[in-house]
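# A look at the structure
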Amino acid sequence: MKQIYLFSSALAFLTSAVLVQAAQQGATCNSTNLCSSQYPCCSEYGFCGDGYYCLGGCNPLASNTLNSCNPSPICENANYTLSDTSRILSNYTYFNGNASEYDWVVEQGSIINTTSNGEAAIAVLLTETGGGTLLSSTRYVHYGQITARLQTGRWAGVVTAFITMSNIKDEIDWEFPGNQTTTGQTNYFWQGVIPTQTAGVTETGLTDTYSNWHDFTIDWQPDSLTFLVDGNVTRIITAVEATNNATGLVQFPTTPSRIQLSIWPAGISTEPQGTVQWAGGMINWNDPDYVAAGHFYALFQSVSVQCNDPTTPSASDTSYMYGANSSLDTPSIAFSNASTMINGAPALIGMSTGAMSMWLSVSVALALGGLVL
């Protein structure tokens, strides 16, 4: 089973130039080192700023105040056909928070249109020089059923992933490591806490996930979490089972989350040895498939979302907002009609084009290389 690491190995990617730019934006941030009022928003990669930093993935627990981050676009029932790339923004720095304009943003890497077994899809690409690809939904889900139709990679060290991730690092995973094309792995996390004993489970008996389409489902409800393959239940976790016996805390995902689809390089020298082993070893950049195509890939055909918010939003509600909650270890979540948009994009304020490109490559490398995906 995979040994979990948050950011540790990927921090080696940081250069002095990036650190200088981060300092200009308000430096790094975490739950004990909040952002300043000048650059109030802590981005999903742990840097303070404004503008785009305040959108998807902005962490309210590390920002200047709980409401420094922009409100998050509310869940909507939908069936997304990913081969229609008109609803996918290929450069996420130009996203202004308008989820009615785009359904998905490419945070890192590249996608291309393709067809497999007669079904139109997108391929998310991984290259030796460019790293992996991360696609994030613009809308959030606060409980509900999410299904992704996909075909995985088949190469040692290359991981395909379909997950949900909240702004405070609640996470639910379907992952497919390396060349293990007859298994998948399910996992979940609460506020980024890495448990002493992993909650990950290997799901067996799948037919070749590289050659065949499968529907993988995360059925996330307030009191339970169910994983399914092609409509068949493979695992059920109850919220009660997620109780930490030492603290009494129920460490179960509870906060609005984005859907993320990715391919990422686990089998590289900068990753911890445990991660490399979990993914099947080092990536072979001389693999005939890679040499012929110039990339490794995973395919995603569609994503469906059925929302199940704990309470029904009103017709005027457009967003989720975090608020204080003195009796729990998780901030409260409320509906709002506040705008989810920022004024103007791109919003990597104060960076030159070259520095912005470097920051994006490095910071997303943290997600694709060091975070649990």
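Here's a quick rundown of the structure. Keep in mind it's a predicted model, so treat the numbers as computed, not measured.

## Notes on the pairing of strand S17 (residues 232-238)
Here six bridges tie strand S16 (residues 224-229) to S17, and the two strands are oriented antiparallel to one another. Looking at S17, one finds that Phe-227 is bridged to Arg-235.

## Let's talk about the layout of surface pockets
In this structure, the second largest pocket spans a volume of roughly 370 Å³. Lining the second largest pocket are 18 residues, with Tyr-188, Pro-195, Gln-197, Ala-242 and Gln-251 positioned closest to its centre. Elements represented by at least two residues in the lining of the second largest pocket include exactly strand S13 (184-189) and S17. No other element matches S17, which puts three residues into the lining of the second largest pocket. Each residue belonging to the lining of the second largest pocket can be placed in one class, and the counts come to nine nonpolar, seven polar and two charged.

## As for the state of the cysteines
Taken as a whole and assessed by the stated rule, the structure comprises five disulfides. Disulfide pairing places Cys-41 opposite Cys-54 at an S-S distance of 2.0 Å. Looking along the S-S bond of the Cys-41-Cys-54 disulfide, the torsion reads about 95 degrees, which is the right-handed sense. A residue pair is termed long-range when its members are at least 10 positions apart, and Cys-41 in strand S1 (residues 41-42) and Cys-54 in the loop between strand S2 (48-49) and strand S3 (72-73) qualify at 13 residues. Summarising the burial analysis for this pair, Cys-41 and Cys-54 share the class buried. When the cysteines engaged in disulfides are numbered in sequence order, the chain pairs them as 1-4, 2-5, 3-6, 7-8, 9-10.

## Digging into the sheet that holds S3
Think of a sheet as strands paired side by side through backbone hydrogen bonds, with each pair either parallel or antiparallel. Read across the sheet, three strands follow the order S3-S20-S21 without closing on themselves; strand pairing throughout is antiparallel. Each having just a single partner strand, S3 and strand S21 (332-336) make up the two edges of the open sheet. Across five bridges, strand S20 (residues 319-323) lies against S21 in antiparallel orientation. Residue pairing across strands places Tyr-322 opposite Ile-333, the latter belonging to S21.

## Examining the nonpolar core
Among the nonpolar cores identified, the biggest contains 51 residues, and Trp-104, Phe-162, Leu-225, Ile-259, Leu-261 and Val-303 are the most heavily contacted of them. Filtering out sequence-adjacent residues up to four positions away, Trp-104 remains in contact with Tyr-80, Leu-82, Arg-87, Ile-88, Leu-89, Leu-135, Ser-136, Ser-137, Thr-138, Ile-259, Leu-261 and Val-303. Counting residues in hydrophobic clusters, the runner-up holds 16 residues, among them Cys-41, Tyr-45, Val-105 and Leu-134.

## Describing empty space enclosed by the protein
Any space left empty among the atoms is revealed by the rolling of a water-sized probe across them. With the rule as written, the count across this model stands at seven cavities of 30 Å³ or more. In this structure, the largest cavity spans a volume of roughly 120 Å³. Elements with a contribution of two residues or more to the lining of the largest cavity: S3 and strand S9 (133-141). Of the residues contributing to the lining of the largest cavity, the split by class is eight nonpolar, eight polar and one charged. Together, Cys-58, Pro-60, Leu-66, Asn-67, Cys-69, Asn-70, Pro-71, Ser-72, Asn-167, Tyr-320, Met-321 and Tyr-322 line the second largest cavity. For the lining of the second largest cavity, the residue count by class is eight nonpolar, four polar and no charged.

## Side note on the side chain of Ser-68
Within the fold, Ser-68 resides in the loop between S2 and S3. Given a relative accessible area of 16%, Ser-68 falls into the buried group. Looking at Ser-68, its side chain comes within polar contact range of the main-chain nitrogen of Thr-65, at 2.9 Å. Ser-68 has contacts with Pro-40, Cys-41, Cys-54 and Ser-63, leaving out every residue within four places of it along the chain.

## Remarks on the pairing of strand S7 (residues 111-116)
Judged from the six bridges that link them, S7 and strand S8 (residues 119-126) form a sheet pairing that is antiparallel. Residue pairing in the sheet places Thr-115 in a bridge with Ala-120 of S8. Taken together, S7 and the strand that follows it, S8, pair antiparallel across an intervening segment of two residues, in which Asn-117 is found at a positive phi of about 50 degrees.

## Let's talk about the sheet that holds strand S11 (residues 158-166)
Here eight strands make up an open sheet; going across it, the order is S5-S6-S9-S18-S11-S12-S13-S14 and the pairing mixed. Two strands close off the open sheet at either side, each with one partner strand: strand S5 (88-89) and strand S14 (201-203).

## Regarding the packing of aromatic side chains
With the rule as written, the count across this model stands at 16 aromatic pairs. With a centroid separation of 5.4 Å and an interplanar angle of 65 degrees, the aromatic rings of Trp-155 and Tyr-297 are classed as edge-to-face. Note that Trp-155 is positioned in the loop between strand S10 (144-151) and S11 and Tyr-297 in strand S19 (residues 296-307), a separation of 142 residues in sequence. Aromatic pair Trp-285 and Phe-296: ring centres 5.8 Å apart, planes at 40 degrees, arrangement tilted. Highlighted residues: Trp-285 in the loop between helix H2 (273-278) and helix H3 (288-293) and Phe-296 in strand S19, separated in sequence by eleven residues.

## Details of the environment of Asp-173
You can see Asp-173 is positioned in strand S12 (residues 171-177). Take Asp-173: its relative accessible area is 0%, and that puts it in the buried class. Distance in space between the C-alpha atoms of Asp-173 and Gln-260 is 9.6 Å, their sequence separation being 87 residues.

## Describing the environment of Ser-83
Secondary-structure assignment places Ser-83 in the loop between strand S4 (78-81) and S5. For Ser-83, a relative accessible area of 23% gives the class partly exposed.

## What about the side chain of Asn-59?
On the secondary structure map, Asn-59 appears in the loop between S2 and S3. Among the residues examined, Asn-59 registers a relative accessible area of 15% and is labelled buried. Leave out the neighbours within four places in its chain, and Asn-59 touches Cys-42, Cys-69, Asn-167 and Ile-168.

Rules used throughout
- Residues numbered from 1 in each chain as written.
- Predicted model: local features only at pLDDT ≥ 70, side-chain atom pairs only at ≥ 80, totals over all residues.
- Heavy atoms only, no water.
- Pairing = 2+ DSSP bridges.
- Helix = DSSP H or I, 4+ residues; strand = E, 2+ residues; numbered from the N terminus.
- 1 Å grid on protein atoms, 1.4 Å probe; cavity = no way out; pocket = protein on both sides within 12 Å on 5 of 7 lines; lining within 4 Å.
- Points joined across faces, edges and corners; volume = space filled by probe spheres on them.
- Nonpolar A, V, L, I, M, F, W, Y, C, P; charged D, E, K, R; others polar.
- Disulfide = S-S within 2.5 Å.
- Buried < 20%, exposed > 50% of the residue type's maximum accessible area, 1.4 Å probe, protein only.
- Core = buried A, V, L, I, M, F, W, Y, C linked by side-chain atoms within 4.5 Å.
- Contact = heavy atoms within 4.5 Å.
- Polar contact = N/O pair within 3.5 Å; in protein donor to acceptor, adjacent residues only side chain to side chain.
- Phe/Tyr/Trp six-rings, centres within 6.5 Å; stacked < 30°, edge-to-face > 60°.

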